[in-house]
Amino acid sequence: MKFMKLGSKPDAFQADGKSIRYVSSELATDVIINVGEVKFYLHKFPLLSKSNRLQKLVSKANEENSEEVYMVDFPGGPKSFEICAKFCYGMTVTLNAYNVVAARCAAEYLEMTEDVDRSNLVFKIEVFLNSSIFRSWKDSIIVLQTTKPLLSWAEDLKIVGRCIDSIASKTSVDPANISWSYTYNRKLAETDKIVEEGMNYRVEKVPRDWWVEDICELDIDLYKRVMIAVKSKGRMDGAVIGEALKTYAVRWLPDSVDALISDEHALRNKSLVETIICLLPSDKGMGCSCSFLLKLLKVSILVGADYSLREDLVKRISLKLHEARIVDLLIPARSPQITIYDVELVHSVVNQFLMHEKCNWNLDVVEKNEKGSDKFILGHGSLLSVGRLIDGYLAEIAHDPNLNLSSFIDLSQLIPESARPIHDGLYKAIDIYLKEHPSLTKAERKRICGLMNVKKLTMEASMDAAQNELLPLRVVVQVLFFEQVRSAAGVRAANNHPSDASLSTTNLDEECNKMALAEEENCKPLGKHMSEIKVTEEFQKNGKLGKKNSKNSRSGVQLLPSRSRRIFDKLWSVGKGQHVENRSSETSGSSQSPTSIVPGDTKSVSSSRHRRHSIS
């Protein structure tokens with residue numbers, strides 16, 4: 001810390017209680033200066049030789065036959081007046097970053113300028129400020145803090161402005177040239193600044209955000225002015241600005257909701273949040289992390305920040321939504337909403353995100369046509385991330401008993417198909433919603449399950465869905481059917497029949513729906529046995545079946561309940577019938593699907609094919 005000593009005489013000021021100060025001298029005092037509640041018993045000559053204002057006040061007191069002078073509104077109070085008085089007497093005075101502002105304001109009040117005497121107090125303090133204080137990072141911050149109780153005086157004397165400019169200029173210095181810090185006061189010679197690299201040593205690099213913690217002690221109003229000055233320099237990266245704002249928010253915003261909205265601090269917290277939002281970097285997509293922006297949005301809602309500022313936050317968040325986490329989106333709902341979380345707000349954020357992405361989609365569709373679907377998917381990394389994010393969010397809010405079906409469906413339908421190549425996450429959310437809302441009607445269950453495409457479920461999710469008694473029967477049948485078709489195609493591909501690797505599912509969908517409708521009328525829900533699918537998995541692993549596998553396949557089917565086995569038999573026979581129709585000639589025994597080698601299955605295939613002709 002920088003300091004300056006004035007005067008050479010020993011300090012002769014004495015105190016008598018808390019309200020009386022006097023100078024120990026052989027000469028009797030001849031004037032009483034009242035500063036606030038403290039009386040100073042002093043001598044006229046040293047004071048009047050340095051202060052133009054005291055000359056006027058003492059002259060006026062003499063005219064009134066009074067020895068006392070009153071200065072009620074003295075800047076800095078008795079302490080700052082004592083500094084000025086000691087300077088007039090030539091006593092030793094030490095100025096530093098903590099008292100220089102008060103001394104400068106007091107000297108200005110007393111008019112201790114060069115017009116009265118050369119090298120007067122105003123001149124000396126200005127030299128100290130310009131040559132030492134404003135050149136020091138640490139002292140500039142301390143001085144700026146001390147201007148708060150004397151803000152109007154400090155503003156008029158341009159102390160605040162000069163401090164802010166000094167701080168802002170130093171934040172823009174190349175970090176390689178930084179060898180100090182206000183918070184830690186690090187020096188290049190310290191051991192924690194030296195990093196060993198084999199036989200060589202190098203100085204640890206100073207991070208670009210070295211200054212962000214140092215200015216966190218400033219009041220929000222002064223902090224705002226410093227940050228505006230830093231941004232106006234145009235040399236600070238938006239990411240560093242964002243980190244500075246995050247550090248300040250963590251430093252001053254309380255952790256608990258109760259403290260955040262308490263009557264005592266509500267106004268201050270609201271002002272703080274609104275200021276931080278206003279200071280966010282202008283490059284909306286780069287400055288701050290999405291997690292920080294979402295937390296800021298939560299707080300802004302709780303403290304009742306201005307609506308336009310919250311809308312600005314939503315726009316910023318939508319640009320970086322693909323970086324968000326599920327927990328960040330769990331924003332508590334406010335009255336009159338009855339849900340646990342603010343689903344409408346998330347809906348708005350997602351909608352904004354999709355609006356920004358719309359132009360990119362159109363360009364990527366062209367790229368898809370030119371380069372293929374793989375390039376299209378890779379080019380939609382942010383879209384895929386948002387799809388996974390919202391499916392996870394749906395699974396979280398599905399636990400809320402007050403969440404109505406329309407809100408769940410509307411949010412789910414916002415996500416385009418290209419953002420959901422796999423529907424496992426959506427299935428999980430639907431399953432949770434069905435469990436938490438047992439009172440749903442049959443039509444409502446069909447409606448929510450209609451969001452899911454069973455052809456986009458993985459093997460694991462399909463097995464779970466096939467045993468899920470909460471799903472409508474039609475959905476379960478579709479799951480079984482398409483899983484069997486997929487497994488059969490895999491078996492044929494493994495048996496070196498590439499022409500059979502893909503099956504047309506257009507007609508199979510129709511057959512599946514017809515069977516589901518028929519079964520719904522006279523059957524109970526499916527059991528939880530999936531032996532037939534597991535058998536098919538064995539087909540894929542081994543590539544072909546021996547007699548032992550064929551035997552296990554038949555025994556596996558026998559494990560199903562009679563109703564479930566009937567549905568499974570219909571599904572398998574329809575799949576084989578479709579296959580036969582697609583073949584231009586009879587296949588040999590070696591090219592048949594695995595289960596066709598089991599005696600009796602040929603008849604089933606033939607009868608299925610005849611039934612399909614009769615239906616058409």
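Residues numbered from 1 in each chain as written. Predicted model: local features only at pLDDT ≥ 70, side-chain atom pairs only at ≥ 80, totals over all residues. Heavy atoms only, no water.

As annotated in an unreviewed UniProt entry, the protein chain carries the name BTB/POZ domain-containing protein NPY1 and comes from Prunus persica. On record in UniProt, under Pathway (unreviewed entry), the comment for the protein chain is "Protein modification; protein ubiquitination." A UniProt comment under Sequence similarities (unreviewed entry) is attached to the protein chain, and it reads "Belongs to the NPH3 family." (UniProt positions renumbered as here; feature names shortened; annotations may be inferred.)

Novice: Give a detailed account of the overall build of the protein chain, specifying residues and quantitative values.
Specialist: A tally of helices and strands in the protein chain yields 28 helices and nine strands. When the 616 residues of the protein chain are sorted by exposure, 47% land in the buried category. The contacts in the protein chain between residues at least 6 apart in sequence include a share of 69% that link residues at least 24 apart. Summing over all exposed atoms, the protein chain offers an accessible surface of approximately 31500 Å²; the carbon and sulfur share of this is 51%. (Helix = DSSP H or I, 4+ residues; strand = E, 2+ residues; numbered from the N terminus. Buried < 20%, exposed > 50% of the residue type's maximum accessible area, 1.4 Å probe, protein only. Contact = heavy atoms within 4.5 Å. Areas by Shrake-Rupley, 256 points an atom, 1.4 Å probe, with all protein chains shown as cover.)

Novice: Tell me about the pairing of strand 5 (residues 38–42), and name the residues and values.
Specialist: By the alternation rule, side chains of strand 5 split into Val38, Phe40 and Leu42, which are all buried, and Lys39 and Tyr41, of which none is buried. Where strand 3 (residues 20–23) and strand 5 come together, three bridges link them in parallel fashion. Looking at strand 5, one finds that Ile20 is bridged to Lys39. Bridge analysis of strand 4 (residues 31–35) against strand 5 gives five bridges, and the strand direction is antiparallel. Its bridge partner lying in strand 5, Val35 is registered against Val38. The turn linking strand 4 back onto strand 5 is made up of two residues, and Gly36 within it adopts a positive phi angle of 65°. (Pairing = 2+ DSSP bridges.)

Novice: Could you give an account of the pattern of salt bridges, with specific residues and numbers?
Specialist: Evaluation of the coordinates by the stated rule reveals 20 salt bridges. A salt bridge links Glu82 to Lys86; the shortest N-O distance between them is 3.3 Å. Pair noted here: Glu82 and Lys86 are both in helix 3 (residues 77–89), with a separation of four residues, about one helical turn. Residue classification places Glu82 among the buried residues on the basis of a relative accessible area of 17%. On the basis of relative accessible area, Lys86 is assigned to the buried category, the value being 13%. Of the charged contacts, one joins Arg325 and Asp328 as a salt bridge, the two residues approaching to 3.1 Å between their closest N and O atoms. Given the relative accessible area of 3%, Asp328 is considered buried. Each member of the salt-bridge network shares a partner with another, and the members are Asp11, Arg21, Glu82 and Lys86. (Salt bridge = Lys/Arg side-chain N within 4 Å of Asp/Glu carboxyl O.)

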